[in-house]
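Working through the structure, step by step
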Amino acid sequence: MHVKRLFCLLFVALLTVFSVNMGHKYLLLAFCLWALTCLLLPASSNGLVRINLKKRPLDLQSITAAKMARKKSGESVKGIRNYLGSSDEVIVPLKNYLDAQYYGQIGVGTPPQNFTVIFDTGSSNLWVPSSKCFLSIACYIHSKYKSTKSTSYSKIGKSCEINYGSGSISGFFSQDSVEVGDLAVKNQIFIEATREGSLAFLLAKFDGILGLGFQEISVGDAVPVWYNMLWQNLVDDDVFSFWFNRDPNAQVGGEIVFGGVDPKHYKGKHTYVPVTKKGYWQFDMGDFLIGNHSTGICEGGCAAIVDSGTSLLVGPTPVITEINHAIGAEGFVSAECKQVVTQYGDLIWDLLISGVTPNKVCSQIGLCLFSRARSVIQSVVERENMNGSLPGDDLLCTACEMSVIWIQTQLRQKGTKDKVLQYVNELCDSLPSPSAEAVIECEKISNMPDITFTIGEKPFTLTPEQYILRTGEGLSTICISGFMALDVPAPRGPLWILGDVFMGVYHTVFDFGDLQLGFAEAA
């Protein structure tokens, strides 16, 4: 039972005794005092703990910093590779934290030292800057934890490091109490960050990150804050839910509810799908449509992750390229892509028509040295981020595999050879840029197609107004595609990451007890 309810009940009992002894004329006064007292207590009712979120507006400074971080470190794809390796390797979250926009406040220590953090379902550790952080500029412009000022601090001291897409942090483990809303989590292990190695953290509006993923991806196997909430019986139900307010002018950016859901945050009923792999909140997603047309990429199913720490929608390069083409987003011309279409387009078409399986086409025509049974392609994004250059033949192989996917999709739609090859050649101009989000013309938003995800055999549609991000005002307004390309090889891929663009439209329930995710239209 929560402290608030216990206090109210005790107060009622005392006031009842008081009113009986003093007379019934004081009963009304006693009731009013009880009601006022309960209202003034922290806002947790019906076993629900509410955390208000603030939203950091999208700005050009952040976009520029993101480009610089990706160009400088090239860690985004390397981080993916570390996670997808053997179980003995360090598990690295799929993150670009510069794009995280929603944050809330927590307290660490006794008395609590306040920090703004990203509540992140794509990682599992809690970290805040340490007072022992001397060499990182980011630490000097954010709040820092001082262990000497906490009476509940316990030293651990074991060093650790977490690599993110836009940088890394390192530090050491400590233990202290953590306040989340009106909950006090005792003996929480967290990381005191002594180095924040990226421009992304320097420009960030948040101090640290509170991970809400599973312990399986927790660095150092540290017990996540959410686990301790459950084990210490601080919430009534093993469920938490996110509501993001997509109104850029609203004072309240959103709300997390620990211990249940708030019916005011959604419409209708939730569609639930099981968690397929613990670590991230991962599930199986069905077909993906641009307008009314299937891309064919996820027709047999794709893995997807719901990630509150990523603002955009991240998906395989072939699909993002088709989206870019459909919405008129600017990309960069790939000479290899056009070369493959011009020289081998007819042969690719004929092989697919004859029944050759798509993953063997490029090896049969000699562009790939061996048949790589994978569902998605190592993207141009990945190749530019890798150290050193790759042989031209390997780039042609990648371009071939991408062309096969596009031609196969058009074959399903009964397109003629000439029109299909012309369309694929146009797609080469829409390959997503490896160093920036795709910019589009704002006045064309009304003519762009809807984008639909299939989850639990039900359609979840995003309109152009929902998947296009705006920054600036008036003549300085810039519109950015809410989609970003990132390829994960089979058997883990193809992989989608559904970030804040999706979660802002669909209220999301994270059911830890039944290992499932729920989606409903946000109110």
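What comes next concerns the included structure. None of the values given here were measured: they were computed from a predicted structure.

Cut-off values and rules
Residues numbered from 1 in each chain as written. Predicted model: local features only at pLDDT ≥ 70, side-chain atom pairs only at ≥ 80, totals over all residues. Heavy atoms only, no water. Pairing = 2+ DSSP bridges. Helix = DSSP H or I, 4+ residues; strand = E, 2+ residues; numbered from the N terminus. Contact = heavy atoms within 4.5 Å. Axes fitted to C-alpha atoms, helices over the stretch in contact; angles between N-to-C directions. Disulfide = S-S within 2.5 Å. Buried < 20%, exposed > 50% of the residue type's maximum accessible area, 1.4 Å probe, protein only. Core = buried A, V, L, I, M, F, W, Y, C linked by side-chain atoms within 4.5 Å. Parallel < 35°, antiparallel > 145°, perpendicular 65-115°, else oblique. Phe/Tyr/Trp six-rings, centres within 6.5 Å; stacked < 30°, edge-to-face > 60°. Lys NZ or Arg CZ within 6 Å of the ring centre and 35° of its normal. Polar contact = N/O pair within 3.5 Å; in protein donor to acceptor, adjacent residues only side chain to side chain.

**With respect to the sheet that holds strand β14 (residues 288–290)**
Reading across from one edge, β15-β14-β19-β20 is the order of the four strands in this open sheet, with antiparallel pairing throughout. Both outer strands of the open sheet, β15 (293–294) and β20 (458–462), are each paired with one neighbouring strand and no more. As paired strands, β14 and β15 are joined by two bridges and run antiparallel to one another. Of the residues in β15, the one forming a bridge with L289 is S294. The strands that helix α8 (residues 317–327) touches are β14 and β19 (451–455); relative to β14, the one it contacts most, it runs at about 20°.

**Concerning the state of the cysteines**
By the definition in use, this model includes six disulfides. There is a disulfide in this structure between C133 and C139, and the S-S distance comes to 2.0 Å. Residues C133 and C139 are joined by a disulfide whose S-S torsion is about 80°; by sign, that bridge is right-handed. With its sulfur 2.0 Å from that of its partner, C442 forms a disulfide with C479. Between C442 and C479 the disulfide shows an S-S torsion of about 120°. By sign, it is right-handed. Within this pair, whereas C442 is found in the loop between β18 (439–440) and β19, its partner C479 is found in strand β22 (residues 478–481), the two being separated by 37 residues in sequence. The exposure class assigned to C479 is buried, which follows from its relative accessible area of 1%.

**Some remarks on the sheet that holds strand β16 (residues 302–306)**
Taken together, five strands build an open sheet; the order of strands is β13-β16-β24-β17-β23 and the sheet is mixed. On the outer flanks of this sheet lie β13 (282–285) and β23 (483–485), each paired with one strand and no other. Recorded for the sheet is a direction-independent mean angle of 25° between the axes of neighbouring strands. Bridge analysis of β13 against β16 gives four bridges, and the strand direction is antiparallel. Of the residues in β16, the one forming a bridge with M285 is C302.

**Brief notes about the nonpolar core**
Within the largest apolar cluster, 83 residues are counted, with the highest numbers of intra-cluster contacts made by F119, F258, F453 and W496. In terms of residues, this core owes the most to one element, helix α7 (residues 225–231), which gives five residues. The next biggest cluster of nonpolar side chains, apart from the first, holds 29 residues, and it includes L396, C400, M402 and C428.

**Overview of the packing of α8 against helix α13 (residues 417–427)**
Packing of α8 against α13 leaves a shortest axis separation of 9 Å and a crossing angle of 95°. When the interaxial angle is binned, α8 and α13 end up roughly perpendicular. Only Y423, E426 and L427 of α13 make contact with α8, whose side of the interface consists of T321, E322 and H325.

**Remarks on the packing of aromatic side chains**
Here the structure, examined in full by the defined rule, presents 28 aromatic pairs. When the centroid spacing of 5.1 Å and the interplanar angle of 90° are considered together, the rings of Y145 and F190 count as edge-to-face. Residue Y145 is located in the loop between α5 (137–140) and β6 (154–164), and its partner F190 is located in strand β8 (residues 183–196); the two are separated by 45 residues in the primary sequence. Of the residues examined, Y145 reaches a relative accessible area of 0% and is grouped as buried. Take F190: its relative accessible area is 0%, and that puts it in the buried class. Relative to W281, the ring of F214 lies with its centre 4.5 Å away and its plane at 40°, an arrangement referred to as tilted. In this pair, F214 is assigned in the loop between β9 (208–211) and α7 and W281 in the loop between β12 (266–274) and β13, connecting sequence segments 67 residues apart. Judged by its relative accessible area of 0%, F214 falls in the buried class. Following the ring pairs from residue to residue traces out a cluster consisting of F119, F214, W226, Y227, W231, F240, F242, F244, F258, W281, F510 and F512. The residue whose ring lies beneath K144 is Y140, and the NZ or CZ to ring-centre distance is 4.7 Å.

**A look at unusual backbone geometry**
Cis geometry marks the peptide bond from T110 to P111, where omega comes out at -5°. Relative to the assigned elements, P111 resides in the loop between β3 (102–108) and β4 (113–120). Of note in this structure, N187 is not a glycine but carries a positive phi near 50°. If you trace the backbone, N187 turns up in strand β8. Positive phi outside glycine occurs at L515, with the angle close to 50°. Of note, L515 is situated in the loop between β25 (506–511) and β26 (516–522). Exposure remark for L515: the relative accessible area of 29% places this residue in the partly exposed category.

**What to know about the side chain of S308**
Topologically, S308 is positioned in the loop between β16 and β17 (313–315). A distance of 2.6 Å separates a polar atom in the side chain of S308 from the backbone oxygen of F119. The residues contacting S308, other than those within four sequence positions of it, are F119, D120, T121, F242, F244, D500 and M503.

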